Amino acid sequence: MPTVRRITVADLRDAIRLGWEDFSAMPTHAIFLVVIYPIVGLLIGRAVFGADILPLLFPIMAGFALLGPFAALGLYELSRRREQGLDISLPKILEARHSPSMLAILMLGVGLMVVFFVWIAVANAIYVSYFGYSPAASMPDFLHRVLTTPAGWALVLVGNGVGFLFALMVLTISVVSFPLLLDRDVGLAPAILTSIRAVLANPGVMALWGLIVAVSLAVGSIPFFFGLAVVMPVLGHATWHLYRKVVV
């Protein structure tokens, strides 16, 4: 099992600084790797509006961040190669698919997909429990329901509370597991256990990191997810450097 260090807020700040330096040095690569993120976000939003299921728009937007650790895989590889002074051209980055741990990485990615879909189902069940199956007539009607009624206030409170638990679970199992699997052939179970140990050894710092990620993704989603083209690569690169600081 990899050895886990205790880190400080100063280490977290340094990881973010290094993440920004990676992005500044490789902005074209980074934006190219994550440009699909805002595009998919827009498509999801359009699909929700088109299907007239407005209650799921926010859960999908928020839950999409659960897939971030897997979506940032290419960014971890960029940071790894830059750290070692290796070629960071796209063909070399794609060589990561030959990693001995790729099967474990894909399995963990599928696991996050399952968590995402379970979250959507739970969010829908929460909405139905307060407002039934009748759809909102329009966006103003939906906002009126959620923001001006006791049922809507309860929905916001319960929904965000449950969403926090999902986010906490994903953070705990994936904060260092994807970079670790990309860096070493340790196996899926040891990677997840190392991630859990990293969180337990640094609860305050990891909680702050989770808050930074949540706030950054929320700000980057305005307007129309395009800010994520900057936020996602910086967070992805910073995650690699956080892994380097936490795992010996």
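Throughout this document, residue positions are counted from 1 along each chain, in the order its sequence is written. Under the rules for a predicted model, residues below a pLDDT of 70 receive no local features and side-chain atom pairs below 80 are neither given nor counted, while totals for whole chains, interfaces and linings still include all residues. In computing side-chain values, all of the structure's heavy atoms are included and hydrogens and water are not.

- As named in an unreviewed UniProt entry, the protein chain is DUF2189 domain-containing protein, taken from Kaistia terrae.

**A look at the environment of I53**
- A run of H or I in DSSP counts as a helix once it spans at least four residues, and a run of E counts as a strand once it spans at least two, with each numbered from the N terminus. Considering the arrangement of structural elements, one finds I53 in the loop between helix 3 (36-50) and helix 4 (57-64).
- Each residue's exposure class comes from its accessible area (1.4 Å probe, protein chains only) as a fraction of the maximum for that residue type: buried when under 20%, exposed when over 50%, partly exposed otherwise. The class of I53 is partly exposed, set by a relative accessible area of 36%.
- Spatially, the C-alpha atoms of I53 and A137 are 9.9 Å apart, while their sequence positions differ by 84 residues.

**Some thoughts on the UniProt feature "transmembrane region" (unreviewed entry) in the protein chain**
- UniProt positions are given in the numbering used here, feature names are shortened, and annotations may be inferred rather than shown by experiment. In the UniProt entry, the feature "transmembrane region" (unreviewed entry) is given for residues 30-50, 56-76, 102-133, 153-182, 194-218 and 224-243.
- With 76% helix and 0% strand, residues 56-76 has its two end C-alpha atoms placed 31 Å apart.
- Between the C-alpha atoms that bound residues 153-182 there is a distance of 43 Å. The span itself is 93% helix and 0% strand.

**Here we look at the packing of aromatic side chains**
- Between the rings of Phe, Tyr and Trp (Trp by its six-membered ring), a pair exists once the centres lie within 6.5 Å; its type follows the angle of the planes, with under 30 degrees stacked, over 60 edge-to-face, and the other angles tilted. Tallied over the entire structure, the rule returns seven aromatic pairs.
- An angle of 70° between the planes, with centres 5.3 Å apart, marks the rings of F116 and F117 as edge-to-face.
- Geometrically, the ring pair formed by Y127 and F142 is tilted, given 6.3 Å between the ring centres and 40° between the ring planes. A residue pair is termed long-range when its members are at least 10 positions apart, and Y127 in helix 8 (residues 102-131) and F142 in helix 9 (residues 139-148) qualify at 15 residues.
- Taken together through their ring pairs, the aromatic side chains of Y127, F131 and F142 make up a single cluster.

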